[in-house]
Amino acid sequence: FIDGGIIVLFYRYVIMPAMAGTEAFQYETAFSSNLGLLSPEEQSRLRQATVALAGMGGVGGAHLLTLTRLGVGRFTIADGDAFELSNLNRQTGATLATLGRPKVEVMAEMARAINPELAIRTFPHGIDDGNIRDFLSGADIVVDGIDFFEMATRRLLFRQARAQGLSVVTCGPLGFGVASLAFGPNGMSFDEFMALDEGMDETEQLLRFAVGLAPAGLHLPYLDRTRISVTKRRGPSSAIAIDLCAAVAATEVLCFLLKRRALPYAPRYAHFDPYRQRYCTGTLWLGNRHPLQRVKRWVLKRRLRQQLATS
């Protein structure tokens, strides 16, 4: 009797709710409010599209859920980290209940709670030389959600995506704003734009990435630079910027997948900062090798040396 009661309770409170949720889901109804902004044919195309998302932390997790709510039906996601207490201020999947859990696992659950029909391939150990080709296989477009300080992984992603003929969108959360870049299979590459060379030390790569990601520097007037530490791999962050990144990246992905317009490939860039009510777009000819960018890097390195000398 006891065993039978347990089975009945399990079926009633676990199996039946799960089945009811799945049976109640209808893709067309769930995403019907997108219509009017999207045509039914475009919504169907998003349902069949595949987006590869590297990184499931701050921007990566937000990218996944925003694209899921747009109706994208297939994802490949990768991240080797677990949620920590310091992630609570900005990372979509970070809650007290998820601390210590793998980010890929949590975010896949959250996405499937929106659309249980999602096809998601997961790479719970992140991406590396051994699996990057498989990670990108079948993708229509790639979105960079890799941690700012993981330059080796980011360069690997951009290099292999280019080799496989894929476009990559990257949106950096800077202050209360977002800086956006896109790189295609042709034209200026990520390494060319950022002026990254083999043998360059990690600190120099990070400095060049920081300057190249946001040529307009809209966030700099209110940024407390003493809170940035390259050696400790930390810097200020906000949920405001994360949500903006998700909105901008999802819009670029949508336009690309539906052929609404061409991606603004590098050397074009965009930076939006709602705190300062500024929006800048432009073309950075020569990328980080532009004379003004060289000056910015010199100033940034000088300030970094002064910071290290007084810390």
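Coordinates for the structure precede this section.
Just so we're clear, the structure is a prediction, and the values are computed from it rather than from any experiment.

Draft legend 1. Geometry of the overall build of the protein. Secondary structure assignment for the protein yields 11 helices and 8 strands. Scaling as 2.2 N^0.38, a compact globule of 311 residues should have a C-alpha radius of gyration of about 19 Å, and the protein matches this with 21 Å. Across its three principal axes, the protein shows a C-alpha extent of roughly 75 × 45 × 40 Å. Across the 311 residues of the protein, 47% fall into the buried class. Considering only residue pairs separated by 6 or more positions, the protein has 67% of its internal contacts joining residues 24 or more positions apart. Total accessible area on the protein is roughly 15900 Å²; 56% of this is exposed by carbon and sulfur atoms. When the 35 basic and 29 acidic side-chain charges of the protein are each reduced to a single mean position, those positions are 9 Å apart.

Draft legend 2. Examining the sheet that holds strand E8 (residues 278-283) more closely. Spatial ordering of the open sheet is given by E3-E2-E1-E4-E5-E6-E7-E8, a layout of 8 strands whose pairing is mixed. Of all the strands in the sheet, just strand E3 (119-123) and E8 have a single pairing partner and so form its edges. Geometrically, the sheet is characterised by an average inter-axis angle of 15 degrees between neighbouring strands, direction not taken into account. Note that strand E2 (residues 74-78) and E3 share 5 bridges and pair parallel. Within E3, the position partnered with phenylalanine 75 by the bridge is isoleucine 120. Each of strand E1 (50-54), strand E4 (141-144), strand E5 (168-174), strand E6 (177-183) and strand E7 (268-273) touches helix H10 (residues 239-257); the most contacted strand, E5, lies at about 165 degrees to it.

Draft legend 3. Structural context of the side chain of aspartate 144. Looking at the element boundaries, aspartate 144 is found in strand E4. In this structure the side chain of aspartate 144 is engaged in a polar contact, spanning 2.8 Å, whose partner is the side chain of arginine 154. Contact partners of aspartate 144, with chain neighbours within four places excluded, come to Ala54, Val59, His63, Arg154, Leu157, Phe158, Val168, Val169 and Thr170.

Draft legend 4. Spatial organisation of the pairing of E4. Residues Ile141 and Val143 line one face of E4 and the alternating positions Val142 and Asp144 line the opposite face, and both faces are buried. One ladder, built from 4 bridges, connects E1 with E4; its direction is parallel. Bridging across to E4, leucine 53 finds its partner in valine 143. Pairing geometry for E4 and E5, over 3 bridges, is parallel.

Draft legend 5. How the structure looks around the packing of aromatic side chains. The tally for this structure, following the rule as stated, stands at 13 aromatic pairs. Summarising the aromatic geometry, the rings of tyrosine 27 and phenylalanine 31 are spaced 4.7 Å apart at their centres and angled 50 degrees between planes, so their arrangement reads as tilted. In this structure tyrosine 27 comes out as buried when scored by relative accessible area, which is 4%. Between phenylalanine 158 and phenylalanine 190, the ring centres sit 4.3 Å apart and the planes meet at 15 degrees, which makes this aromatic pair stacked. One end of the pair, phenylalanine 158, is in helix H7 (residues 151-163); the other, phenylalanine 190, is in helix H8 (residues 190-194), with 32 residues separating them in the sequence. Judged on exposure class, the residue phenylalanine 158 and its partner phenylalanine 190 are both buried. These aromatic residues form a ring-pair network of at least three members: Phe148, Phe149, Phe158, Phe183, Phe190, Phe193 and Phe209. Stacked on the ring of tyrosine 27, the Lys or Arg arginine 47 has its end atom at 4.2 Å from the ring centre.

Draft legend 6. Structural context of the pairing of E8. In terms of strand pairing, E7 meets E8 through 6 bridges, oriented antiparallel. Residue pairing across strands places tyrosine 269 opposite glycine 282, the latter belonging to E8. Between the antiparallel neighbours E7 and E8 lie 4 residues, among them glutamine 277 with a positive phi of about 55 degrees.

Draft legend 7. H7, seen in detail. Between the first and last C-alpha of H7 there are 18 Å, a value that for 13 residues agrees with the 18 Å anticipated at 1.5 Å per step. Among the residues of H7, those classed as buried are Met151, Arg154, Arg155, Leu156, Leu157, Phe158, Gln160 and Ala161. Taken from the residues just after H7, glycine 165 is the one with a positive phi, measuring 75 degrees.

Draft legend 8. Here's a closer look at the pattern of salt bridges. Enumeration over the complete set of coordinates arrives at 15 salt bridges. Linking arginine 233 and glutamate 150 is a salt bridge whose minimum nitrogen-to-oxygen distance equals 2.8 Å. Residue arginine 233 is found in the loop between helix H9 (202-213) and H10, and its partner glutamate 150 is found in the loop between E4 and H7; the two are separated by 83 residues along the sequence.

Draft legend 9. A look at unusual backbone geometry. Residue proline 267 is bonded to the preceding alanine 266 through a cis peptide linkage, with omega at 20 degrees. Assignment of secondary structure puts proline 267 in the loop between H10 and E7. A positive phi angle, close to 60 degrees, is found at lysine 259, a residue other than glycine. Assignment of secondary structure puts lysine 259 in the loop between H10 and E7. For lysine 259, a relative accessible area of 69% gives the class exposed. For leucine 286, which is not glycine, the phi torsion reads 75 degrees and is therefore positive.

The rules behind each value
All chains use their own residue numbering, which begins from 1 and follows the written sequence. Restriction of local features to residues with pLDDT of at least 70 applies here, the model being predicted, together with a cutoff of 80 or more for giving and counting side-chain atom pairs; totals for whole chains, interfaces and linings are based on all residues. Hydrogen atoms and water are omitted, and side-chain values are computed over all heavy atoms in the structure. Helix and strand definitions here come from DSSP, where helices need a minimum of 4 consecutive H or I residues and strands a minimum of 2 consecutive E residues; each element is numbered from the N-terminal end. The reference for a compact globule is 2.2 Å times residues^0.38; the radius of gyration itself is calculated from the C-alpha atoms. For each residue, the accessible area found with a 1.4 Å probe, counting protein chains only, is set against the maximum for its type, and the residue is called buried under 20%, exposed over 50%, and partly exposed in between. The contact criterion used is simple: two residues touch if any of their non-hydrogen atoms lie within 4.5 Å. Where accessible areas are quoted, they stem from the Shrake-Rupley method and a 1.4 Å probe; at the residue level, only the protein chains shown are allowed to cover. A positive count includes Lys and Arg, and a negative count includes Asp and Glu. His and the chain ends are not counted in either. To locate a charge, take NZ of a lysine, CZ of an arginine, CG of an aspartate or CD of a glutamate. Note on pairing: two strands pair once DSSP finds at least 2 bridges between them. Simply put, an axis is a line fit to the C-alpha atoms, just over the touching stretch for a helix, and the angle between two N-to-C directions goes from 0 to 180 degrees. Throughout this description, a polar contact denotes any pair of N or O atoms lying within 3.5 Å of each other; where both atoms belong to protein, one of them has to be capable of donating a hydrogen while the other can accept it, and for residues adjacent in sequence the pair is counted only when both atoms sit in side chains. Centres within 6.5 Å are what make two rings of Phe, Tyr or Trp a pair, Trp counting through its six-membered ring; a difference in plane orientation under 30 degrees is then read as stacked, over 60 as edge-to-face, and the rest as tilted. Charge over a ring is defined by NZ of Lys or CZ of Arg lying within 6 Å of the ring centre and within 35 degrees of the ring normal. Helix span, as expected, comes to 1.5 Å for every residue beyond the first. One speaks of a salt bridge when a side-chain nitrogen belonging to Lys or Arg is within 4 Å of a carboxyl oxygen belonging to Asp or Glu.

Scope: geometric values only; no functional claims are made or implied.
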